[in-house]
Amino acid sequence: METKRLANPRARSHPSLILCISLSLQEISNAYEVLSDDQKRSIYDRFGEAGLKGGAGGFGGGGMGGAGQGDFTNPFDIFEQFFGGGMGGGGGMGGGMGGQPRRRGPAPGTDERHDLTIDFADAVFGCSKEVEVSRLESCGTCSGSGVKAGTSPSRCGQCGGSGQVVQAVRTPLGAFQQVMACPACEGAGETSAPCASCAGDGRLRKSKRISLRVPPGVDGGSRLRVRGEGSAGRRGGPPGDLYVFVRVRPSPAGLRREGTTVHSDVDVSYVDAILGTSVQVETVDGPVDLRVPAGTQPGTTLVMAKRGVPRLGAAPAARGDHQVHVRVTIPTKVSEEEKGLVEALREAQAAAATAKGGKGWFGR
Ligand SMILES: [Zn+2]
Ligand SMILES: [Zn+2]
């Protein structure tokens, strides 16, 4: 193991993480396949997996007005800043209020969050994890329509089919009349007998096991996004995304992590620090022999190159270093024999100093 010294052991900074995830098992690959094709996706949104298996042709459709999100063909999904990306909002009725008559259009599904705690080593080298996610899925009974089977919509009794109602609003400036979307039909102008299974929502909360491949190099605070694995949309709206928040357990071997750099401490006796030695150091790759050079000073940092954490999203060979911080131990008690030897050492040092014409006998 090659060792070298660092002038300043803590000088390295680490770049902010860019997070990514890729999908492994067949189930998820399917989801990507669906997402990569707008037309298929709209069918998937409305009818779920069964809709595709039952022959996509029949649903034709197209033009569902789903969000035309970028490129789904890349299985590696580059991360966005989570709160910039807009979780939370989601759902909604997806139409302009403000008194305009509106029809109920597709509404995107909300994003879902899942917290995942993984071991230190799994974060370093990546891992596959099964997670159980709770989310809204398209109702199988009504195929996501929310309408009771065998019934057809009828004109809304509250708004008479206009989809709007007028409401008096009192404000400090006086009373106003405000046109609002009809609360009974949500502005659609017609009502339907609700599906008994989903109470008309078209979706049911279910849990689903999802297989994730956590990429090498993730860290605590990493967020992985799995597109399309959030809650189903309504009325053909696109599904939300699943965000997996990663937490990392402490290393049982006492390793500390700073970006791609791993730190650990090693105790070396003062004798070994003077004479040099070889010590076994625990690394993410397992125990490794580290040469401690003769004359190693307390607080020295020895670097084991490429024994750190893989850089997220980079080639597997791109790894950080492992920095070993040397603590020189000085015994508080020594045997008579050791004491004699150290005293002899002191005399030898003094003699050496005299020989160099230095400080002389008493100048120690
Ligand atoms: Zn239903
Ligand atoms: Zn109405």
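Scroll up to find the structure this text is about.
Here's a quick rundown of the structure. (Residues numbered from 1 in each chain as written. Chains lettered and ligands numbered in written order. Predicted model: local features only at pLDDT ≥ 70, side-chain atom pairs only at ≥ 80, totals over all residues. Heavy atoms only, no water.)

Observations concerning the coordination of the zinc ion (ligand 2)
Here's step 1: Looking at the zinc ion (ligand 2), the protein donor atoms are Cys156 (SG), Cys159 (SG), Cys182 (SG) and Cys185 (SG), and they sit 2.2 to 2.3 Å from it.
Here's step 2: Sequence positions of the donors to the zinc ion (ligand 2) reduce to the motif C-x2-C-x22-C-x2-C. Residue Cys156 is found in the loop between strand E5 (154-155) and strand E6 (164-171), and its partner Cys185 is found in the loop between strand E7 (174-181) and strand E8 (190-191); the two are separated by 29 residues along the sequence. The pair Cys156 / Cys185 is uniform in exposure class, with both members buried. (Donors = N, O, S within 2.8 Å, 3.2 Å for Na, K, Ca; no water. Helix = DSSP H or I, 4+ residues; strand = E, 2+ residues; numbered from the N terminus. Buried < 20%, exposed > 50% of the residue type's maximum accessible area, 1.4 Å probe, protein only.)

Here's the deal with the coordination of the zinc ion (ligand 1)
Here's step 1: Within the protein, the zinc ion (ligand 1) binds to Cys139 (SG), Cys142 (SG), Cys195 (SG) and Cys198 (SG); these donor distances fall in the range 2.3 Å.
Here's step 2: In this structure, the zinc ion (ligand 1) is coordinated by 4 donor atoms arranged in tetrahedral fashion, with angles at the metal of 105 to 114 degrees.
Here's step 3: Read in sequence order, the donor residues coordinating the zinc ion (ligand 1) give the pattern C-x2-C-x52-C-x2-C. Of the two residues, Cys139 is situated in the loop between strand E4 (127-138) and E5 and Cys198 in the loop between E8 and strand E9 (203-214); the sequence distance between them amounts to 59 residues. Of the two residues examined, Cys139 and Cys198, each falls in the buried class. (Tetrahedral: all angles 85-135°; square planar, octahedral: opposite > 155°, others 65-115°.)

Some thoughts on helix H6 (residues 336-355)
Here's step 1: Between the first and last C-alpha of H6 there are 29 Å, a value that for 20 residues agrees with the 28 Å anticipated at 1.5 Å per step.
Here's step 2: Backbone geometry just downstream of H6 places Gly357 in the positive-phi region, at approximately 75 degrees. (Expected span 1.5 Å × (residues − 1).)

Looking at the packing of aromatic side chains
Here's step 1: Across all of its chains, the model carries 0 aromatic pairs by this definition.
Here's step 2: When the ring centre of Phe245 is taken as reference, the NZ or CZ atom of Arg113 above it lies at 3.7 Å.
Here's step 3: Positioned over the ring face of Phe245 is Arg223, at 5.9 Å from the centre of the ring. (Phe/Tyr/Trp six-rings, centres within 6.5 Å; stacked < 30°, edge-to-face > 60°. Lys NZ or Arg CZ within 6 Å of the ring centre and 35° of its normal.)

Side note on the sheet that holds strand E3 (residues 112-118)
Here's step 1: In space, the 3 strands of this open sheet follow the order E3-E11-E10, with mixed pairing throughout. Since the sheet does not close on itself, it has two edges, and those belong to E3 and strand E10 (223-226), each with one partner. Strand after strand, the sheet turns through a mean of 25 degrees between neighbouring axes, direction not considered.
Here's step 2: Pairing between E10 and strand E11 (residues 242-248): 4 bridges, direction antiparallel. Looking across to E11, one finds that Arg223 is bridged to Phe245. (Pairing = 2+ DSSP bridges. Axes fitted to C-alpha atoms, helices over the stretch in contact; angles between N-to-C directions.)

Here's the deal with the pattern of salt bridges
Here's step 1: A full pass over the atoms with the stated rule returns 17 salt bridges.
Here's step 2: The residue Glu112 makes a salt bridge to Arg205 at a minimum N-O spacing of 3.6 Å. With Glu112 in strand E3 and Arg205 in strand E9, the pair connects residues that are 93 residues apart, well separated along the chain.
Here's step 3: Two residues, Asp119 and Arg249, come together in a salt bridge whose shortest N-O distance is 2.5 Å. A residue pair is termed long-range when its members are at least 10 positions apart, and Asp119 in the loop between E3 and helix H4 (120-125) and Arg249 in the loop between E11 and strand E12 (256-258) qualify at 130 residues.
Here's step 4: A relative accessible area of 40% places Arg249 in the partly exposed class.
Here's step 5: Connected via shared salt-bridge partners are Arg135, Glu137, Lys208 and Glu229. (Salt bridge = Lys/Arg side-chain N within 4 Å of Asp/Glu carboxyl O.)

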